[in-house]
Amino acid sequence: MATLAAAAARQAASRLSSSKSSASLIHRRGLAGAADHHGPPRVNCWQEPMNPAMWKEEHFVIVSLSGWGLLFFSGYKFFTKGKGNKEEKLIEAAH
């Protein structure tokens with residue numbers, strides 16, 4: 001049984017090698033041009049803090065999301081500052 005499988009594998013390999021060269025079987029990343037830069041090079045956000053157009057994309061996302069989070073949180077704290085927990089106020093008044 002094992003010899004039959006080995007013979008079938010050898011036969012398939014010989015068909016592959018005769019029909020295609022081994023160089024054509026190598027996978028090529030034709031459209032993955034990560035090394036080809038178009039336009040100005042991107043920099044870290046702390047190197048050009050006043051120019052967000054030059055930042056790397058991931059730095060722009062992190063800074064933007066942090067800014068929006070800070071805006072929402074500070075707005076929430078500003079509009080709810082007078083609404084403390086009444087139970088805590090009662091305990092402080094009792095002491």
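Presented here is a report on the structure given in the accompanying data block. Keep in mind it's a predicted model, so treat the numbers as computed, not measured.

Calculation notes
Residues numbered from 1 in each chain as written. Predicted model: local features only at pLDDT ≥ 70, side-chain atom pairs only at ≥ 80, totals over all residues. Heavy atoms only, no water. Patch = residues over 30% accessible without salt bridge, like charges linked within 9 Å, V, L, I, M, F, W, Y side chains within 5 Å. Areas by Shrake-Rupley, 256 points an atom, 1.4 Å probe, with all protein chains shown as cover. Salt bridge = Lys/Arg side-chain N within 4 Å of Asp/Glu carboxyl O. Helix = DSSP H or I, 4+ residues; strand = E, 2+ residues; numbered from the N terminus. Phe/Tyr/Trp six-rings, centres within 6.5 Å; stacked < 30°, edge-to-face > 60°. Buried < 20%, exposed > 50% of the residue type's maximum accessible area, 1.4 Å probe, protein only. Contact = heavy atoms within 4.5 Å.

### A few points about a nonpolar patch on the surface
Inference 1: Judged by side-chain polarity, Phe 60, Val 61 and Leu 65 come together as a nonpolar surface patch covering roughly 280 Å² of accessible area.
Inference 2: Relative to the elements of secondary structure, Val 61 occurs in helix α2 (residues 57-79).

### Here we look at the packing of aromatic side chains
Inference 1: Applying the stated criterion across every chain, the model contains 3 aromatic pairs.
Inference 2: Pairing Phe 78 with Phe 79 gives two aromatic rings, centres 5.1 Å apart and planes at 80 degrees, and the pair type is edge-to-face. Like Phe 79, Phe 78 is exposed.

### Considerations on the side chain of Asn 44
Inference 1: Its place among the elements puts Asn 44 in the loop between α1 (2-19) and α2.
Inference 2: Residue Asn 44 is classed as buried on the basis of its relative accessible area, which comes to 15%.
Inference 3: Here Asn 44 is in contact with Trp 55, Lys 56 and His 59, once residues within four sequence places are set aside.

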